[in-house]
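Read off the chains here:
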Amino acid sequence: QVKNAGKNSFGFYSPHMSEARRERLSLENDLQLAIERREFVLHYQPQFSQRSGQMIGMEALLRWQHPRLGLLAPGGFIALAEETGLICRISDWVLQEGCRQLALWHADGHRHLRLALNLSARDFERKDLLERVVAAPARHGIGCDRLEIEITESLLLDDAEDVIATVRQLRQHGVRVAIDDFGMRYSSLNYLRRFPVSSIKIDQSFVRDLGRDQGAASIIHAIVGIAEGFGLHLIAEGVESEEQARRLADLGCEDMQGYYFGRPLPADEVLEWATP
Ligand code: C2E
Ligand code: MG
Ligand code: MG
Ligand code: MG
C-alpha cells in the first residue's frame, strides 16, 4: 500500500522502505518547500586583511532552519539539494539575499565590503548562470566587483569548456571567482593555466596542521608562490588561533578567515564587534 505524501511532494512513502530512505524522502519534500516557507538563512563570516587590520569581506554560508530538526548546516542538505537539482533555486535565493544584505552594509558606510558566496557544479550546468549572477548585484545597486563566487577545484578538474567560458565571462563582468578548498587536489595544477580565476582559498586542513607538521607549512609556502606566479589574490580559511595567523603571515598569506577572527553569524550580529 503506497500513500501519497502530499500534493507538493515528489516522494511516496511505503511501509517497505528503509528508515534511511524514508528520512531522505521526507527531507527532500521539506527541502522543496523550504524557500517558500522562508526557512533558509545566511550566516556571514568576516574575512580580514592582516596587513591593514581591516575587514575586507564576508562569506555567506547557508543554514536551514528546519521546523523539526532545528538549524541545519549545509553538510546536512547541500548534497541532497545537488542530487535533486533544487540547488539552483537555492543558489538564486542565496544570490538575492546576499546582495540585498551587502547593499544594506554598503548603505551603512561599509562600502569596501565584498560578498563571497558558494556555488555548486550543478549551477554551472545552467545556461543562464552568467545572467543570474550578474543581475543580482545590479538589482541591489552593487558593483559586480563586490561579488566573489567560490567554486571548488573538482569543478575545474572536469576541464569543461563551458565552465571555462562561464568563469571567463564572469571575470569580464568584474565578478571575482575564487577556488575554494585549494590544495586538496594539489597534484594537478595545470587547470590554473586555463581558468581565469581571481583568488584561491587555502584549504583549512593545511591551516589546521600548521605548527603540527612541517609538510603543511611547505604546502602553504608553495601555494603562496603559485598565487604570486599567477597573480592571484590569496586567502586562508579555518584560522582558529593567533599562532596560525602569525605563521600564515610569516609565510606570506595575509588575508584570513576563521573562528579566530569571527564565526559565521547572522547579519545583524556579525558587524557588531567589527570596526568600520
Ligand atoms: P566552505 O565554503 O569551504 O566554508 C567553510 C566552512 O568552514 C564553513 O562551514 C565554515 O562555517 C567553516 N569554518 C569557518 N571558519 C572555521 C574555522 O576556523 N574552523 C573550522 N573548523 N571551520 C571553520 P559550513 O558553514 O558548515 O559550510 C560547509 C560547506 O558547505 C562550505 O564549505 C561550502 O562548500 C558549502 N556551502 C555553504 N553555504 C553554501 C551555499 O550557499 N551554497 C552552496 N552550494 N554550498 C554552500
Ligand atoms: Mg566557501
Ligand atoms: Mg572552503
Ligand atoms: Mg569546504
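Here is what the cut-offs are and how they apply
Residues numbered from 1 in each chain as written. Chains lettered and ligands numbered in written order. Predicted model: local features only at pLDDT ≥ 70, side-chain atom pairs only at ≥ 80, totals over all residues. Heavy atoms only, no water. Helix = DSSP H or I, 4+ residues; strand = E, 2+ residues; numbered from the N terminus. Buried < 20%, exposed > 50% of the residue type's maximum accessible area, 1.4 Å probe, protein only. Contact = heavy atoms within 4.5 Å. Areas by Shrake-Rupley, 256 points an atom, 1.4 Å probe, with all protein chains shown as cover. Lys, Arg positive; Asp, Glu negative; His and termini not counted. Charge placed at Lys NZ, Arg CZ, Asp CG, Glu CD. pLDDT = per-residue confidence, 0-100. Phe/Tyr/Trp six-rings, centres within 6.5 Å; stacked < 30°, edge-to-face > 60°. Near = heavy atom within 4 Å. Polar contact = N/O pair within 3.5 Å; in protein donor to acceptor, adjacent residues only side chain to side chain. Expected span 1.5 Å × (residues − 1). Donors = N, O, S within 2.8 Å, 3.2 Å for Na, K, Ca; no water. Arc of directions from axis to C-beta. Salt bridge = Lys/Arg side-chain N within 4 Å of Asp/Glu carboxyl O.

S.K.: Residues and numbers for the overall build of the protein, please.
M.R.: For the protein, the count of helices and strands is 10 helices and 12 strands. Dimensions of the protein, computed from the C-alpha atoms along their principal axes, are close to 65 × 45 × 35 Å. Out of the 276 residues belonging to the protein, those deemed buried represent 50%. Sequence-distant contacts, at least 24 apart, represent 63% of the contacts inside the protein between residues at least 6 apart. Looking at the protein as shown, the accessible area adds up to about 13,600 Å², and 48% of this sits on carbon and sulfur atoms. The centroid of the 32 positive side-chain charges in the protein is displaced by 4 Å from the centroid of its 40 negative side-chain charges.

S.K.: I'd love a proper account of the confidence of the model for the protein, names of residues and values included.
M.R.: Averaged over all residues, the pLDDT of the protein equals 90, while 91% of them reach at least 70. Predicted confidence is poor over residues 1–10, with pLDDT under 50, and the contacts of this stretch with residues over four places away or in other chains come to 22 contacts. Across the assembled chains, the prediction reports ipTM 0.98 with pTM 0.92.

S.K.: Now, about the packing of aromatic side chains: what can you tell me, with residues and values included?
M.R.: Applying the stated criterion to the full structure yields 7 aromatic pairs. Ring centres 6.0 Å apart and planes at 40° place the aromatic pair F40 and W93 in the tilted group. A residue pair is termed long-range when its members are at least 10 positions apart, and F40 in strand β3 (residues 40–49) and W93 in helix α3 (residues 87–107) qualify at 53 residues. Residue classification places W93 among the partly exposed residues on the basis of a relative accessible area of 21%.

S.K.: Mind laying out the site of ligand 1, listing which residues take part and the relevant values?
M.R.: Around ligand 1 sit 22 residues in total, of which R63, N118, D180, E240 and Y259 are the nearest. The separation between a nitrogen atom of ligand 1 and a polar side-chain atom of E240 is 2.5 Å. Protein contact buries 81% of the 810 Å² of open area that ligand 1 shows by itself. Contributing elements (two or more residues each) for the shell around ligand 1: β4 (55–66), α3 and β8 (176–182). Here the shell around ligand 1 takes 4 residues from β4, the largest share from any one element.

S.K.: Which residues make up unusual backbone geometry, and what values go with them?
M.R.: Phi angles above zero are rare outside glycine, and R38 is one such case at about 55°. Tracing the backbone shows R38 in the loop between α1 (19–34) and β3. Residue classification places R38 among the exposed positions, given a relative accessible area of 75%. The backbone of D181 sits at a positive phi, close to 55°, despite the residue not being glycine. Tracing the sequence through the fold places D181 in strand β8. Judged by relative accessible area, D181 falls into the partly exposed class, the value being 26%.

S.K.: Requested: an account of α3, with residues and values cited.
M.R.: Every α-helix winds through 3.6 residues per turn, so residues three or four apart in the chain are directed the same way. In a regular helix each residue adds 1.5 Å, so 21 residues correspond to 30 Å; α3 covers 30 Å between its end C-alpha atoms and thus fits that length. Immediately downstream of α3, the backbone of G109 shows phi near 105°, a positive value.

S.K.: So what's going on with the coordination of the magnesium ion (ligand 2)? Which residues, and what values?
M.R.: Those protein atoms acting as donors to the magnesium ion (ligand 2) are E59 (OE), N118 (OD1), E150 (OE) and D180 (OD), and they sit at 1.9 to 2.3 Å. Taken in sequence order, the residues that donate to the magnesium ion (ligand 2) follow the motif E-x58-N-x31-E-x29-D. Separating the magnesium ion (ligand 2) from the magnesium ion (ligand 3) is a distance of 4.2 Å, and D180 supplies a donor atom to each of them. Of this pair, E59 sits in strand β4 while E150 is found in strand β7 (residues 147–152), placing the two residues 91 residues apart along the sequence.

S.K.: For helix α9 (residues 242–251), give the residues involved together with the corresponding values.
M.R.: Inspection of α9 places Q244, A245 and L248 among the buried residues, and these make up the whole buried set. Seen along its axis, α9 keeps its buried residues to an arc of 100°; they face one direction. Residues E242 and D250 are exposed on α9 and point more than 90 degrees away from its buried face. Residues of α9 that are buried make contact with α7 (204–209), α8 (214–230), β10 (233–237) and β11 (255–257). Residue G252 follows α9 closely and has a positive phi angle near 105°.

S.K.: I'd like to hear about the side chain of D180, residue by residue, with values.
M.R.: Checked against the element boundaries, D180 lands in strand β8. Although D180 is buried, it makes no salt bridge; K201 carries the closest opposite charge, 4.6 Å away. Residue contacts for D180: discarding those within four places in its chain leaves E59, N118, E150, I151, T152, E153, K201 and E237.

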